Amino acid sequence: MTVESTAARKPRRSAGKAGTTGTKRTTRTTPGKGSQPDLVQLLTPEGLRTENTAYDSYIEDITPEQLRGLYRDMVLTRRFDAEATALQRQGELGLWASLLGQEAAQIGSGRALNDEDYVFPTYREHGVAWCRGVDPTNLLGMFRGVNNGGWDPNSNNFHLYTIVIGSQTLHATGYAMGVAKDGADSAVIAYFGDGASSQGDVAESFTFAAVYNAPVVFFCQNNQWAISEPTEKQTRVPLYQRAQGFGFPGVRVDGNDVLACLAVTKWALERARNGEGPTLVEAFTYRMGAHTTSDDPTRYRHDDERAAWEAKDPIARLRAYLAASHHADEAFFAELEAESEALGRRVREAVRAMPDPDHFAIFENVYADGHALVDEERAQFAAYQASFATESDSGFAVGEGGR
């Protein structure tokens, strides 16, 4: 599939002197834990607003309405995600990758994007898809097996989900290099996880992005676990520090703080649009659920770890801030709850109304001119399908023969 450039064809601003705001990294000492990396945080887990001279300016104009919008985004994304998980458990989907716990990282970064920016996701960016206007039900077609994606990437500047771990960072880098050659005043963002950071594709994309000064933001959601492999088994240093070796800045942000994720991503995208090259953002968060619905996290991590992260819940902290600041009342929360229920019903009905896929579509478009082996396999599959007649030779109805 070819992705057409839809970036605005505006004259590209000169790079000028590269800014250093927010790129200088320091460490702090936590009693009993040694030296810890700095973490950009604008909203504490208790919902208290903190000052940050490097990033406050990126959200200084945010309105109460926009704050409520961020909260709504996270609540509805979580509800959709929960509904999709339930549908998979009921046999309506083949698989689902939950984003539970990562709503702030996705909504904050997603709302930092301009319309002309382009997104290259993995398979878990349901919140970013929401921000880009992709209908939630379109995300489920692939997991139900009825389509190969479900949306036109160029209509929302949101690429199709990428299952191959880490490959989308190369796609994003190449696209960003094309954007730069076009002279467009836009940026590209690539999402990946801590596990993908161990892939060679990611290292290669870092190299090309740095050398060609590509306008790309690498947004790593470090949710602490690459399936069952903890982050400390993958790296000797914090992930954001890897950027230093490639020659561009990296920053670690509280991935459960939607305001911090919004501000840091705005800063990184601004660098890209100004011709200052790539940035690595490490959103330090936690995967509250399983890697996918085929995974059992109780086999490799402890309940007390999850409990500690539950206290940092991204939705709870923004709700506390909204209530304390008198930016939202109980009527708002009640109305949103009703909207959430309606979304859940719509998703259930839409999935169950999806038609079954064409069983023979799997053999199409494999070769442009056809292939004898594919034809043979199609015939074998057709014979297999034909064996499921209304009445079998043994006299059993369909479905009874295997009991």
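Because the structure is a prediction, the values reported are computed rather than measured.

(A) Fine view of the overall build of the protein. Broken down by element type, the protein carries 13 helices and nine strands. Considering the protein as a whole, with its 403 residues, one finds that 48% of them fall into the buried category. Intrachain contacts of the protein at a sequence separation of at least 6 include 74% that bridge at least 24 residues. Split by element, the accessible area of the protein, about 19,400 Å² in all, is 50% carbon and sulfur.

(B) Main features of empty space enclosed by the protein. Taken as a whole and judged by the stated rule, the model has one cavity of 30 Å³ or more. Taken as a whole, the largest cavity holds about 40 Å³ of empty space. Forming the boundary of the largest cavity are Leu76, Thr77, Phe80, His126, Ala129, Trp130, Val134, Pro136 and Leu139. Elements with a contribution of two residues or more to the lining of the largest cavity: helix 1 (64-89), helix 3 (126-131) and helix 4 (136-144). Each residue belonging to the lining of the largest cavity can be placed in one class, and the counts come to seven nonpolar, two polar and no charged.

(C) Summary view of the pattern of salt bridges. Per the counting criterion, the structure on display carries 19 salt bridges. Here Glu341 ties to Arg79 by a salt bridge, and the two come within 2.9 Å at their closest N and O atoms. Of this pair, Glu341 sits in helix 12 (residues 330-353) while Arg79 sits in helix 1, and the two are 262 residues apart along the sequence. On the basis of relative accessibility, which here comes to 32%, the residue Glu341 falls in the partly exposed class. Between Arg252 and Glu282 there is a salt bridge, with its nearest N and O atoms 3.0 Å apart. Pair noted here: Arg252 is in strand 8 (residues 250-254) and Glu282 is in strand 9 (residues 279-284), with a separation of 30 residues, a long-range link. Among the ionic contacts, a cluster of salt bridges with common partners joins Arg79, Glu83, Glu341 and Arg348.

(D) View of the sheet that holds strand 5 (residues 216-222). Spatially, five strands are ordered 3-4-5-9-8 in an open sheet, and the strand pairing comes out parallel. Only two strands of the sheet have a single neighbouring strand rather than two, namely strand 3 (118-120) and strand 8. Within this sheet the neighbouring strands show an average axis-to-axis angle of 20 degrees, counted without direction. Of the strand pairs in this sheet, strand 3 and strand 4 (residues 188-193) are connected by three bridges, and their pairing is parallel.

(E) Layout of the nonpolar core. Among the nonpolar cores identified, the biggest contains 70 residues, and Tyr55, Tyr71, Leu140 and Leu318 are the most heavily contacted of them. Among the elements that make up this core, the one with the highest residue count is helix 9 (residues 258-273) (11 residues). Ignoring sequence-local partners within four residues, the contact set of Leu318 consists of Leu43, Leu67, Leu70, Tyr71, Met74 and Val258. Counting residues in hydrophobic clusters, the runner-up holds 23 residues, among them Phe120, Ala190, Phe218 and Cys220.

(F) Inspection of the packing of helix 1 against helix 2 (residues 103-110) at higher detail. Where helix 1 contacts helix 2, the two axes come as close as 10 Å, and the packing angle between them is 130 degrees. Taken together, the axes of helix 1 and helix 2 lie oblique to each other. Two packed elements cross with a definite hand, and for helix 1 against helix 2 that hand is right-handed. Here helix 1 contributes Leu70, Asp73, Met74, Thr77 and Arg78 to the contact with helix 2, which in turn contributes Glu103, Ala104 and Ile107. Across the contact of helix 1 with helix 2, the residue classes break down as four nonpolar, one polar and three charged.

(G) Representation of the pairing of strand 9 in the model. Counting buried residues along strand 9, five of its six residues qualify, which places the element largely inside the surrounding structure. Relative to strand 9, strand 5 runs parallel, the two being bridged by six bridges. Bridge pairing in strand 9 places Asn222 opposite Phe284. Where strand 8 and strand 9 come together, five bridges link them in parallel fashion. Paired with Val251 across the bridge in strand 9 is Val281. Each parallel crossover has a hand, and for strand 8 linked through helix 9 to strand 9 it is right-handed.

(H) Structural view of the layout of surface pockets. Quantified by volume, the second largest pocket comes out at close to 310 Å³. Lining the second largest pocket are 24 residues, with Tyr123, Ile165, Gly193, Ala196 and His291 sitting closest to its centre. For the lining of the second largest pocket, the secondary-structure elements that each account for two or more residues are strand 4 and strand 6 (225-226). Tallied by class, the residues present in the lining of the second largest pocket amount to nine nonpolar, 12 polar and three charged.

Definitions and limits used
- Residues numbered from 1 in each chain as written.
- Predicted model: local features only at pLDDT ≥ 70, side-chain atom pairs only at ≥ 80, totals over all residues.
- Heavy atoms only, no water.
- Helix = DSSP H or I, 4+ residues; strand = E, 2+ residues; numbered from the N terminus.
- Buried < 20%, exposed > 50% of the residue type's maximum accessible area, 1.4 Å probe, protein only.
- Contact = heavy atoms within 4.5 Å.
- Areas by Shrake-Rupley, 256 points an atom, 1.4 Å probe, with all protein chains shown as cover.
- 1 Å grid on protein atoms, 1.4 Å probe; cavity = no way out; pocket = protein on both sides within 12 Å on 5 of 7 lines; lining within 4 Å.
- Points joined across faces, edges and corners; volume = space filled by probe spheres on them.
- Nonpolar A, V, L, I, M, F, W, Y, C, P; charged D, E, K, R; others polar.
- Salt bridge = Lys/Arg side-chain N within 4 Å of Asp/Glu carboxyl O.
- Pairing = 2+ DSSP bridges.
- Axes fitted to C-alpha atoms, helices over the stretch in contact; angles between N-to-C directions.
- Core = buried A, V, L, I, M, F, W, Y, C linked by side-chain atoms within 4.5 Å.
- Parallel < 35°, antiparallel > 145°, perpendicular 65-115°, else oblique.
- Left-handed = near helix turned anticlockwise from the far one by under 90°.
- Right-handed = clockwise from strand over helix to strand, strands pointing away.

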